[in-house]
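# Observations on the model geometry
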Amino acid sequence: MNFFFAALGVLGVASSGPLIAATLGATSVSALAIAFWRNAIGAAVMASPTLVRDPAQFRRITRREFRWSLLAAVALALHFACFITSLQLTSVAAATALVCLQSAWIAVFQLIRGTRHRWQVLAGLGIAFGGVVAITGFDMGTSPRALTGDLLAVAGGALAGLYTLAGGKARQSMTTGTYTTLCYGMCAALVAVLALAAGQPLAGFEPAGWLGIAAITVCAQLVGHTAFNHLLATMSPLIVSMIILLEIPGAALLAAVFLHETLPAGTYAGLGLILAGLAVVVLGQRNGRRLTGSRTLPPGEEPPSERLAELGTD
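Values in this document were obtained by computation on a predicted structure and should not be read as measured data.

## Remarks on the overall build of the protein
- What the protein contains, in helices and strands, is 14 helices and 0 strands.
- Moving toward the C terminus, one meets the helices and strands of the protein in the order α-α-α-α-α-α-α-α-α-α-α-α-α-α.
- The buried share of the protein, taken over its 314 residues, is 52%.
- In the protein, 82% of the contacts between residues at least 6 apart in sequence involve partners at least 24 apart.
- Of the roughly 13,500 Å² of accessible surface on the protein, a fraction of 71% belongs to carbon and sulfur atoms.

Given below as structure tokens:
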């Protein structure tokens, strides 16, 4: 059964890029409309159980929790704006791989804050960012448009890392339902403001456009991430983190089959470097967690709960 949920989760998150690219290319749906409806629907779905069981949770939100949730929502809104727009400019495979650098960016942010990482994490960061150089270098020589898309995807990955760190702070004292409802709801409101400023419509689409929005929300948000949340209750977080990395080749394969996307050999090499580097980063952080689990942490080293790199916002 775990294999079934793992396959379902990988298929769900890997379908995000191809579904978004197909919807943007074949309908009048705008990039910010996808981000708005995905978060608005996600907030409504996550709010329902909490409103039924304990609606008073929303009245007990503290100022600290609200501030961290707001920071997470701002980062998530900008993440979606960057990532979804990047899919209009560069390949699905490149955009997905570059935005999946989320875990690497978390490690970088922790380094800036003074966290001492194991050498495996640093080596993994070098390998992963070498893949970024390979992909952007090839796109720089072939298409300025694709290079812009690459840079937006990289920014989307950094924003996803910030979203995860801020969400981790908020989740120290908030339930999952309360946090996700608040964060997704504020994110949807912020995206609506961005859409208004950019002149991008949030409604009035043809049936195929609404079908695309529904498919993205159900496949990536509800099915993909729900499957991985289920696996976390039955499998090691290390194994789940490694399984999620299959989103990178999964998205490339789906784009090749359904969107007939072909890439230069150098771009595929860059995808491989990013995948290998992220695997090393995840393994290094997990090993560090095991080593710190039974001893007092030295100054400058994060507790295990803050060192874990969460993966997957798309």
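## Let's talk about the packing of aromatic side chains
- Tallying each qualifying case throughout the model produces 6 aromatic pairs.
- With 5.0 Å between their ring centres and 80° between their planes, Phe36 and Trp37 make a pair best called edge-to-face.
- Classification of Phe36 by relative accessible area gives buried; the value is 16%.
- Since its relative accessible area comes to 25%, Trp37 is described here as partly exposed.
- Between Trp37 and Trp210, the aromatic rings sit 5.4 Å apart at their centres with planes inclined by 75°, giving edge-to-face as the arrangement. Taken together, the positions of Trp37 in helix 3 (residues 31-53) and Trp210 in helix 10 (residues 207-232) put the pair 173 residues apart, joining distant regions of the chain.
- Residue classification places Trp210 among the partly exposed positions, given a relative accessible area of 31%.

## Some points on the packing of helix 7 (residues 119-142) against helix 8 (residues 144-170)
- Between helix 7 and helix 8, the least distance of the axes is 7 Å, while the angle of their chain directions is 155°. Considering the angle they form, helix 7 stands roughly antiparallel to helix 8. Touching Val132, Ile135, Thr136, Asp139 and Met140 of helix 7 are Pro144, Ala146, Leu147, Asp150 and Val154, all from helix 8.

## Notes on the packing of helix 1 (residues 2-14) against helix 2 (residues 16-26)
- Packing of helix 1 against helix 2 brings their axes to within 4 Å, and their N-to-C directions diverge by 35°. Contact residues: Gly12, Val13 and Ala14 in helix 1; Ser16, Gly17 and Pro18 in helix 2.
- For the contact of helix 1 with helix 2, a count of residues per class yields 3 nonpolar, 3 polar and no charged.

## Structural notes on unusual backbone geometry
- With phi around 55°, His260 is a residue other than glycine that occupies positive phi space.
- Examined against the element boundaries, His260 turns out to sit in the loop between helix 12 (247-258) and helix 13 (265-292).

## Points about the environment of Thr62
- Structurally, Thr62 is set in the loop between helix 3 and helix 4 (63-86).
- As for Thr62 and Ala170, which are separated by 108 residues in sequence, their C-alpha atoms are 9.9 Å apart.

## Re helix 6 (residues 102-112)
- Counting buried residues in helix 6 gives 8 out of 11 residues, a clear majority hidden from the surface.
- When we look at burial in helix 6, the residues that qualify are Gln102, Ser103, Ala104, Trp105, Ile106, Ala107, Val108 and Gln110.
- Gly114 sits one or two residues past helix 6 and shows a positive phi near 100°.

## As for the nonpolar core
- Formed by 68 residues in total, the largest nonpolar core has its most connected members in Ile84, Leu101, Ile274 and Leu278.
- Not counting chain neighbours up to four residues away, the residues in contact with Leu101 comprise Ala128, Phe129, Val132, Ile274 and Leu278.
- One finds Ala6, Val10, Val13 and Met235 within the second-largest nonpolar core, a separate group that totals 9 residues.

## Details of a nonpolar patch on the surface
- A contiguous nonpolar patch, built from Phe66, Leu70, Val74, Leu78 and Leu194 and spanning about 350 Å² of accessible area, is present on the exposed surface.
- With 4 residues, the top contributor of residues to the nonpolar patch is helix 4.
- Looking at the secondary structure, you find Leu194 in helix 9 (residues 176-198).
- Since its relative accessible area comes to 31%, Leu194 is described here as partly exposed.

## Some details on the environment of Leu98
- By secondary structure assignment, the location of Leu98 is in helix 5 (residues 92-99).
- Every residue in contact with Leu98, bar those within four places of it in the chain, is listed here: Val132, Ile135, Asp150, Ala153, Val154, Gly157 and Ile274.

## Re the pattern of salt bridges
- One pass over the structure, following the stated rule, counts 1 salt bridge.
- Among the salt bridges present, the one from Asp54 reaches Arg60, with a minimum N-O distance of 2.9 Å.
- Taking relative accessible area as the criterion, Asp54 reaches 25% and is therefore assigned partly exposed.

## Some details on helix 1
- Compared with an ideal rise of 1.5 Å per residue, which puts 13 residues at 18 Å, helix 1 spans 18 Å between its outermost C-alpha atoms and is within 8% of the ideal.
- The set of residues buried in helix 1 consists of Ala6, Gly9, Val10, Gly12, Val13 and Ala14.

## Quick notes on the confidence of the model for the protein
- Confidence in the prediction of the protein, expressed as mean pLDDT, is 86, and 89% of residues score 70 or more.
- Of all secondary-structure elements in the protein, the lowest mean pLDDT belongs to helix 14 (residues 304-307), at 38, while helix 4 reaches the highest, 96.
- Low confidence marks residues 294-312, where pLDDT is under 50. Its contacts with residues over four positions away, or in another chain, come to 50 contacts.

Definitions and limits used
- Counting from 1, residues in each chain are numbered in the order their sequence is written.
- Local features in this predicted model are restricted to residues whose pLDDT is 70 or higher, and side-chain atom pairs enter the listing and the counts only when it is 80 or higher, whereas totals over whole chains, interfaces and linings include all residues.
- As a rule here, side-chain values cover all heavy atoms of the structure and leave hydrogens and water aside.
- Under the scheme used here, helices are H or I runs from DSSP no shorter than 4 residues and strands are E runs no shorter than 2 residues, and both carry numbers assigned from the N terminus.
- Exposure categories follow from relative accessible area, calculated using a 1.4 Å probe and restricted to protein chains: below 20% of the type maximum is buried, above 50% is exposed, and the middle band is partly exposed.
- The contact criterion used is simple: two residues touch if any of their non-hydrogen atoms lie within 4.5 Å.
- In this description, accessible areas are obtained by the Shrake-Rupley approach with a 1.4 Å probe, and a residue is regarded as covered only by the protein chains that are shown.
- A pair of Phe, Tyr and Trp rings is counted when the ring centres sit within 6.5 Å of each other, with Trp represented by its six-membered ring. The angle between the planes then sorts it: under 30 degrees is stacked, over 60 is edge-to-face, the rest tilted.
- Angular values range over 0 to 180 degrees, each being the angle between N-to-C directions of two axes fitted as lines to C-alpha atoms, with helices fitted over their stretch in contact.
- Note on angle classes: values under 35 degrees are labelled roughly parallel, values over 145 roughly antiparallel, values of 65 to 115 roughly perpendicular, and the remainder oblique.
- Residue polarity follows a fixed list, in which Ala, Val, Leu, Ile, Met, Phe, Trp, Tyr, Cys and Pro are nonpolar, Asp, Glu, Lys and Arg are charged, and the others, Gly among them, are polar.
- Within this scheme, the nonpolar core is defined by two criteria: the residues are buried Ala, Val, Leu, Ile, Met, Phe, Trp, Tyr or Cys, and they are joined through side-chain atoms within 4.5 Å.
- What makes a patch is a set of residues exposed beyond 30% relative accessible area and free of salt bridges, joined within 9 Å when like-charged and within 5 Å when nonpolar (Val, Leu, Ile, Met, Phe, Trp, Tyr).
- Should a side-chain nitrogen of Lys or Arg be within 4 Å of a carboxyl oxygen of Asp or Glu, the pair is scored as a salt bridge.
- The span expected for a helix works out to 1.5 Å for each residue beyond the first.
- You can read pLDDT as the predictor saying how much it trusts each residue, on a scale of 0 to 100.

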